[in-house]
Amino acid sequence: MSRRARAQAAVSSSAGAGRPTVTVCRGCCCGTAKIPRVDHTAQLAELRTALGDSASIRVVDCLDACEQANVIVVQPSPAGRRAGGRPVWLGLVNDRDVTADIAAWVEAGGPGPADPPGILDLYAFQPSRRVRQGIED
Ligand code: FES
């Protein structure tokens, strides 16, 4: 199994958790010096601190959407999925404000129970079907 397939499998396996899952890409581009002027370590620490037990946080290898680095995927809890929530892919998450917005949204319930802050519309993107299927199916 390739590193990419393992990363996507890790994301898929989180679907059974009872809370939203925040998948933080840290691959060949996300979380590296290729994305300058971002304290990548602090970004992850801030998510962990802000979310505590409100969400599962997973760090995965490249999600094959490097042009959007840093990529974060917010997956609904099972209840959130039943309420219509679907995974939301966020790209260019490269400043502290958007990281805080993501954390606040997830803490409020994430996809399904809570509407995302409007500003996150600017960061949302749709990866290719091939990439999406690895996570959403
Ligand atoms: S390193 Fe994050 S999408 Fe490739």
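These lines cover the structure that appears in this document, whether it is placed above or below. From a predicted model like this one, the values you see are computed outputs, not experimental measurements. (Residues numbered from 1 in each chain as written. Predicted model: local features only at pLDDT ≥ 70, side-chain atom pairs only at ≥ 80, totals over all residues. Heavy atoms only, no water.)

## Here we look at the packing of aromatic side chains
All told, the structure shown has 1 aromatic pair when counted by the stated rule. Aromatic pair tryptophan 89 and phenylalanine 125: ring centres 6.0 Å apart, planes at 75°, arrangement edge-to-face. Of this pair, tryptophan 89 sits in strand S4 (residues 88–90) while phenylalanine 125 sits in strand S5 (residues 124–125), and the two are 36 residues apart along the sequence. Of the two residues examined, tryptophan 89 and phenylalanine 125, each falls in the buried class. (Phe/Tyr/Trp six-rings, centres within 6.5 Å; stacked < 30°, edge-to-face > 60°. Helix = DSSP H or I, 4+ residues; strand = E, 2+ residues; numbered from the N terminus. Buried < 20%, exposed > 50% of the residue type's maximum accessible area, 1.4 Å probe, protein only.)

## Section: helix H4 (residues 96–107)
Taking 1.5 Å as the rise per residue, H4 with 12 residues should run 16 Å; its terminal C-alpha atoms sit 16 Å apart, in good agreement. Val98, Thr99, Ile102, Ala103, Trp105 and Val106 are the residues of H4 that are buried. Down the axis, H4 shows its buried residues gathered within 165° of arc, on one side only. Seen from the open side of H4, the exposed residues pointing more than 90 degrees away from its buried face are Arg96 and Asp97. As for H4, its buried residues are in contact with strand S1 (21–25), helix H2 (40–51), strand S3 (72–75) and S4. Sitting at the head of H4, aspartate 95 places a side-chain oxygen 2.9 Å from the backbone nitrogen of aspartate 97. Of the residues one or two after H4, glycine 109 is the one with positive phi, at around 130°. (Expected span 1.5 Å × (residues − 1). Arc of directions from axis to C-beta. Contact = heavy atoms within 4.5 Å. Polar contact = N/O pair within 3.5 Å; in protein donor to acceptor, adjacent residues only side chain to side chain.)

## A few points about the environment of cysteine 30
Residue position: cysteine 30 is located in the loop between S1 and H2. In this structure, the C-alpha to C-alpha distance between cysteine 30 and valine 93, residues 63 residues apart in sequence, is 9.5 Å. Not counting residues within four places of it along the chain, the set of residues in contact with cysteine 30 comprises Cys25, Ala69, Asn70 and Val71.

## Side note on the sheet that holds S3
Reading across the sheet, the 5 strands line up as S2-S1-S3-S4-S5 and stay open at both edges, with mixed pairing between neighbours. Looking at the sheet topology across the chains shown, the edges are occupied by strand S2 (56–60) and S5. Where S4 and S5 come together, 2 bridges link them in antiparallel fashion. In the sheet register, tryptophan 89 faces S5, and the bridge partner there is phenylalanine 125. Against the sheet, H2 engages S1, S2 and S3, with an angle of about 160° to S2. Running at roughly 10° to S3, H4 makes contact with S1, S3 and S4 of the sheet. (Pairing = 2+ DSSP bridges. Axes fitted to C-alpha atoms, helices over the stretch in contact; angles between N-to-C directions.)

## Some words on the pattern of salt bridges
Oppositely charged side chains can pair when the atoms bearing their charge come close. One pass over the structure, following the stated rule, counts 2 salt bridges. One salt bridge connects glutamate 46 with arginine 96, and the closest N-O pair in it is separated by 2.7 Å. Pair noted here: glutamate 46 is in helix H2 and arginine 96 is in helix H4, with a separation of 50 residues, a long-range link. Salt-bridge contacts for aspartate 64 lead to arginine 130; the nearest nitrogen and oxygen are separated by 2.6 Å. Note that aspartate 64 is positioned in the loop between S2 and S3 and arginine 130 in helix H5 (residues 129–136), a separation of 66 residues in sequence. Residue classification places aspartate 64 among the partly exposed residues on the basis of a relative accessible area of 21%. Taking relative accessible area as the criterion, arginine 130 reaches 56% and is therefore assigned exposed. (Salt bridge = Lys/Arg side-chain N within 4 Å of Asp/Glu carboxyl O.)

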